[in-house]
Amino acid sequence: MADSRARMTLKDVRASVKRMQTEGERLVTRLRRDARAFATRSRRDTVSSLLTDARRIQTDLRARAEKAIEELDAQRTRILATLEERVTRLVEAVVKTLNVATHRELDNLRRRVAELERRLDALSKERAA
């Protein structure tokens, strides 16, 4: 049988293996460099994304806290108004049952007494004269 295949010499095979080795080393070097770049970029992107999320959460929490404070302040105002109204009614009821003069009544009495004192002074001056 005649062999019709083209035969490569040992030198050609070694040169071919050497080229494959060189190309393989270049490919591995390129893969390492690309993997490092990807990992670095990926880390940067991840950190950047985390920072963006953290800022967004911080802004959201701040807005929620401000809203809660406003709601609490409004509720506090309503509660205080209701409490003042109820206490005023209670005090008025207690004062009425104790039969004690109110501030307005005391002011009226003071005015009347002052007027009576003036009239008495005027009368005593007339009699003295």
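The structure displayed is predicted, hence computed values, not measured ones.

1. A closer look at the overall build of the chain
What the chain contains, in helices and strands, is two helices and zero strands. Taken against the 2.2 N^0.38 rule, which gives 14 Å for 129 residues, the C-alpha radius of gyration of the chain at 51 Å runs more than 25% over that of a compact globule. Taking the principal axes of the C-alpha coordinates as reference, the chain spans close to 170 × 35 × 15 Å. In the chain, which comprises 129 residues, the proportion classed as buried is 0%.

2. A few points about the pattern of salt bridges
All told, the structure shown has eight salt bridges when counted by the stated rule. Ionic pairing is found between E23 and R26, a salt bridge with its closest N-O pair at 2.7 Å. Taken together, the positions of E23 and R26, both in helix 1 (residues 10–98) and three residues apart, correspond to about one turn of that helix. In this structure E23 comes out as partly exposed when scored by relative accessible area, which is 45%. Here E85 ties to R89 by a salt bridge, and the two come within 3.1 Å at their closest N and O atoms. Placement of both E85 and R89 in helix 1 is noted, with a separation of four residues, approximately one turn of the helix. E85 gets classed as partly exposed once you look at its relative accessible area, which sits at 47%. Relative accessible area serves as the criterion here: at 49%, R89 is assigned to the partly exposed category.

3. With respect to helix 1
Taking 1.5 Å as the rise per residue, helix 1 with 89 residues should run 132 Å; its terminal C-alpha atoms sit 127 Å apart, in good agreement. The first or second residue beyond helix 1 is N99, which carries a positive phi of 60°.

4. As for the environment of T29
Along the chain, the position of T29 falls in helix 1. With relative accessibility at 46%, the residue T29 sits in the partly exposed group. Taking the C-alpha atoms as reference, T29 lies 99 Å from R104; in sequence the two are 75 residues apart.

5. Observations concerning a nonpolar patch on the surface
On the surface, M8, L10, V13 and V17 cluster together into a nonpolar patch covering about 380 Å² of accessible area. Inspection of the secondary structure puts V17 in helix 1. Look at V17 and you get partly exposed, because its relative accessible area is 46%.

What counts, and where the lines are drawn
Residues numbered from 1 in each chain as written. Predicted model: local features only at pLDDT ≥ 70, side-chain atom pairs only at ≥ 80, totals over all residues. Heavy atoms only, no water. Helix = DSSP H or I, 4+ residues; strand = E, 2+ residues; numbered from the N terminus. Rg over C-alpha atoms; globule rule 2.2 N^0.38 Å. Buried < 20%, exposed > 50% of the residue type's maximum accessible area, 1.4 Å probe, protein only. Salt bridge = Lys/Arg side-chain N within 4 Å of Asp/Glu carboxyl O. Expected span 1.5 Å × (residues − 1). Patch = residues over 30% accessible without salt bridge, like charges linked within 9 Å, V, L, I, M, F, W, Y side chains within 5 Å. Areas by Shrake-Rupley, 256 points an atom, 1.4 Å probe, with all protein chains shown as cover.

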